[in-house]
Amino acid sequence: MRHQQGASYIGVLFAIVGFAFLAKVAIAVWAPYFDDRMVDGEIEALLKSAPANITPEQFRQQMGQRLAMNNIRDLTFDGIAKVINTDGLQVHKNYEIRKNFIMNIDLVMKFEKEFDQSTVKAK
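Note that residues are indexed from 1 along each chain, following the sequence as it is written. Only residues with pLDDT of at least 70 get local features here, since the model is predicted, and only at 80 or more are side-chain atom pairs given and counted; chain-wide, interface and lining totals rely on the full set of residues. Neither water nor hydrogens contribute to the side-chain values; these are computed over all heavy atoms in the structure.

1. Thoughts on the environment of Ile 16
Where helices and strands are cited, they refer to DSSP runs of H or I of at least four residues and of E of at least two residues respectively, numbered from the N terminus. For Ile 16, the position within the fold is in helix 1 (residues 9-49). Take Ile 16: its relative accessible area is 53%, and that puts it in the exposed class. Each C-alpha atom of the pair Ile 16 and Gln 58 lies 52 Å from the other, and the pair is 42 residues apart in sequence. Each residue is placed in one exposure class: buried if its accessible area under a 1.4 Å probe, protein chains only, is under 20% of its type's maximum, exposed if it is over 50%, and partly exposed if it falls in between.

2. Some details on the sheet that holds strand 3 (residues 105-116)
Strand order in the open sheet formed by three strands is 1-2-3, and the pairing between neighbours is antiparallel. The outermost strands of the open sheet, each flanked by one partner alone, are strand 1 (81-85) and strand 3. The average angle at which neighbouring strand axes cross in this sheet is 5°, direction not considered. Relative to strand 2 (residues 89-102), strand 1 is paired through five bridges, and the arrangement is antiparallel. Pairing of Lys 82 across the sheet is with His 92, part of strand 2. Two residues qualify as a contact provided that any one of their heavy atoms is within 4.5 Å of a heavy atom in the partner residue. All axes are obtained by fitting lines to C-alpha atoms, using only the stretch in contact for helices, and the reported angles, taken between N-to-C directions, cover 0 to 180 degrees. The sheet strands contacting helix 2 (residues 56-69) are strand 1 and strand 2, and the helix crosses strand 1 at an angle near 145°. The pairing criterion is simple: DSSP has to find at least two bridges between the two strands.

3. Here's the deal with the nonpolar core
By size, the foremost hydrophobic cluster in this structure holds 23 residues, and its most contacted members are Ile 43, Leu 47, Phe 59, Phe 77 and Val 91. Elements supplying a minimum of two residues to this core: helix 1, helix 2, helix 3 (77-80), strand 1, strand 2 and strand 3. We call a set of buried Ala, Val, Leu, Ile, Met, Phe, Trp, Tyr and Cys residues a nonpolar core when their side-chain atoms join them within 4.5 Å.

Note that every value here comes from positions in space, so none of it alone points to a role or purpose.
Spelled out as structure tokens, the structure:
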């Protein structure tokens, strides 16, 4: 019993700093990942509901409206995705987001995914 001790001040300080660091990472990363999931959902929903003869320009225009309606203002659909119409409509999403983390350290998040209208409609 004489040698038992609790956590030292330095141990508690390290725990608080570690928790603060993890909280900062979670806050910095949460919004871009949430927006990306929203974009994926809207692309899939539009591919399911769109007619087979939709043009890439009409698809881009409708996706721009959907992103604005869902309050995703940091991203433009033309800047993050390419739409082509070969053997059905295909969407290639490829973009990255840089977030300032601490001083001159940035977090870089890269998002890539491909969508095919025939595959999405088959689900």
